[in-house]
Amino acid sequence: MKKIISAATAAVLALSLTACGAKQDKKKTVKIAYLPITHSLAVLEEAEQAESELGIDIELVKYGSWPELLDALNSGRVDGASVLIELAMKSKQEGIGIKAVALGHHDGNVIVTSDEINTAADLKGKTFAIPHRQSSHHILLRDALAKGGLTIDDVSVTELAPTEMPSALASGQIDGYCVAEPFGAMGVSVGAGHVLYTSEELWEDSLCCGLVLTDKFISERHDDAKAFVDGYKKAGDSLDKQKAKEVAKKYLGQTDEVLDISLEWISYSDLEITEEIYDTLAAKVKEYGLSDDPPSYEDFVDASL
Ligand code: ZN
């Protein structure tokens, strides 16, 4: 009888150890959605460093478009994402439990136009592509038009997939575009157009992408969330041009020429979201009609991580 009991106890012990081990493994993995663009290099670099330096595992989940990525984030299939901040703000406004915890990058967008457009005023009557209405690319277009004394009613705006933009410009289907990189650099590299404005010429300290985490992940696994965000900011600080190019080559599969052009426009250090830059963004979002009621800094940004 004694023997049977100890065998049963051993079995229970083994079971609970297995359960415990499984739980622990699950705890260590952070599932993050991303698109293969230079704007998400900080999280890609962190994933490269994570296992050795942070003691957490980052499972990167690649998506082909913002709507697909957003669907995964909003339905809780991932713990977080590197995403256009305006899309995340819209989700928050619609009641999705997410928080922005860091910037994706600084600057890093350009307005590319055909060679016959040399001033903002030349955009009058032209067709211009953006990836999504809820984007800093849309805001940058509005800022550029304002420089030329124009409004959104003076141009025809079309939403196109980022990968289609360089060829649409080359074929004359559109006259200009603004989109996440390296697709602007690609248009320049193939000679389809030139840079009319860099983002910092239109909007100093512009926001574009943000690192967003779900409320569930932050509350249930606060220590992991903190370690993840710390590691993310350190990864961003470590991304000089050479390192950024190495990670971009591994995950984005772009040519040296395209990456050399693109990485001149972007930086990844000091990625915290300050109240000042967020309030400037929220004001633009309202002014240009992306949203009447963007979330407040207090509601949307978790600066404690
Ligand atoms: Zn971005």
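Structure's up top.
Calculation rules
Residues numbered from 1 in each chain as written. Predicted model: local features only at pLDDT ≥ 70, side-chain atom pairs only at ≥ 80, totals over all residues. Heavy atoms only, no water. Phe/Tyr/Trp six-rings, centres within 6.5 Å; stacked < 30°, edge-to-face > 60°. Helix = DSSP H or I, 4+ residues; strand = E, 2+ residues; numbered from the N terminus. Buried < 20%, exposed > 50% of the residue type's maximum accessible area, 1.4 Å probe, protein only. Axes fitted to C-alpha atoms, helices over the stretch in contact; angles between N-to-C directions. Parallel < 35°, antiparallel > 145°, perpendicular 65-115°, else oblique. Contact = heavy atoms within 4.5 Å. Nonpolar A, V, L, I, M, F, W, Y, C, P; charged D, E, K, R; others polar. 1 Å grid on protein atoms, 1.4 Å probe; cavity = no way out; pocket = protein on both sides within 12 Å on 5 of 7 lines; lining within 4 Å. Points joined across faces, edges and corners; volume = space filled by probe spheres on them. Domains from an automatic or database assignment.

(A) Quick peek at the packing of aromatic side chains. Summed over the entire model, instances satisfying the criterion amount to three aromatic pairs. Plain terms: the ring middles of Tyr-34 and Tyr-251 are 6.5 Å apart, the flat faces sit at 90 degrees to each other, and that makes the pair edge-to-face. Here Tyr-34 is found in strand β1 (residues 29-34), whereas its partner Tyr-251 is found in helix α11 (residues 241-252), with 217 residues between them in sequence. Both residues of the pair, Tyr-34 and Tyr-251, belong to the buried class. An angle of 55 degrees between the planes, with centres 6.0 Å apart, marks the rings of Tyr-278 and Tyr-297 as tilted. Here Tyr-297 lies in helix α14 (residues 297-300) and Tyr-278 lies in helix α13 (residues 275-287), a separation of 19 residues in the sequence. The buried category is assigned to Tyr-278, whose relative accessible area is 1%. Aromatic ring contacts, followed pair by pair, group Tyr-278, Tyr-297 and Phe-300 into a single cluster.

(B) Layout of the packing of helix α4 (residues 85-93) against α13. The interhelical angle for the contact between α4 and α13, taken along N-to-C directions, is 75 degrees, at an axis separation of 12 Å. Comparing their axes, α13 and α4 come out roughly perpendicular. For the pair α4 and α13, contact is made by Ile-85, Glu-86 and Met-89 and by Tyr-278, Leu-281 and Val-285, respectively. Taken together, the residues that form the contact of α4 with α13 break down as five nonpolar, no polar and one charged.

(C) Looking closely at the layout of surface pockets. One number sums up the size of the second largest pocket: a volume of about 250 Å³. Within the lining of the second largest pocket, the residues separate by chemical class into twelve nonpolar, four polar and one charged. A domain-level breakdown of the lining of the second largest pocket finds at least three residues from each of domain 1 (31-107 + 208-300) and domain 2 (110-202).

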